[in-house]
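# Inside the fold
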Amino acid sequence: MLAQPAVRAAPRITSLISRRAFHATRARLSSPYHYPEGPYSNLPFNPKTRFFGLRFFTYCFAGFTAPFGICLWQTNKPKA
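First, a word on scope: everything that follows refers to the structure included in this document. (Residues numbered from 1 in each chain as written. Predicted model: local features only at pLDDT ≥ 70, side-chain atom pairs only at ≥ 80, totals over all residues. Heavy atoms only, no water.)

## Some details on the overall build of the protein chain
Defined as follows: Helical segments are the DSSP runs of H or I of at least four residues, strand segments are the runs of E of at least two, and each set is numbered from the N terminus. Throughout this description, buried means an accessible area under 20% of the type-specific maximum (1.4 Å probe, protein chains only), exposed means over 50%, and partly exposed covers the range between. Every accessible area reported is derived by Shrake-Rupley at a probe size of 1.4 Å, with residue values counting cover from the shown protein chains alone.
When helices and strands are tallied, the protein chain shows two helices and zero strands. Looking at the protein chain residue by residue over its 80 residues, the buried ones come to 0%. Roughly 8,400 Å² of accessible area belongs to the protein chain as shown, and the carbon and sulfur atoms make up 67% of that amount.

## Focus: the packing of aromatic side chains
Keep this limit in mind: Aromatic pairing here means that ring centres of Phe, Tyr or Trp (its six-membered ring) are within 6.5 Å. Orientation follows from the plane angle: under 30 degrees is stacked, over 60 is edge-to-face, and everything else is tilted.
Evaluated as defined, the whole model comprises four aromatic pairs. Ring geometry for Phe45 and Phe52: centres 5.5 Å apart, planes at 20 degrees, overall stacked. On the accessibility criterion, Phe45 (42% relative accessible area) is partly exposed. Ring centres of Phe64 and Phe68 lie 5.4 Å apart, and the angle between their planes is 55 degrees; on these two criteria the pair is classed as tilted. Within this pair, Phe64 and its partner Phe68 are both found in helix α2 (residues 52-76), separated by four residues, close to a single helical turn.

## Some points on a nonpolar patch on the surface
Applied cut-off: For patch building, the residue pool is restricted to those with more than 30% relative accessible area and no salt bridge; the joining distance is 9 Å between like charges and 5 Å between nonpolar side chains (Val, Leu, Ile, Met, Phe, Trp, Tyr). Whenever Lys or Arg places a side-chain nitrogen within 4 Å of a carboxyl oxygen from Asp or Glu, that contact is recorded as a salt bridge.
A contiguous nonpolar surface patch, about 300 Å² in accessible area, is contributed by Tyr40, Leu43 and Phe45. Following the sequence through the fold, Leu43 ends up in the loop between α1 (3-18) and α2. Taking relative accessible area as the criterion, Leu43 reaches 34% and is therefore assigned partly exposed.

That's the geometry; what it means functionally is another story.
Shown next as structure tokens:
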């Protein structure tokens, strides 16, 4: 019952796919929706600064130990 409509729709689907227009033009950098490309351009921080390693290690250490510190605080806080 469902096979006949699917067979009738097949030529229309292939014609829609074949008519699809692909743009071969290069993206313009003046567009507000395009950002510069290349290594390190997609990062929200600059890994080439002097103390990047220290700051990154401190950030990761704080993020990893915070949940454990909060658990210890909640476990050992005085009961009211």
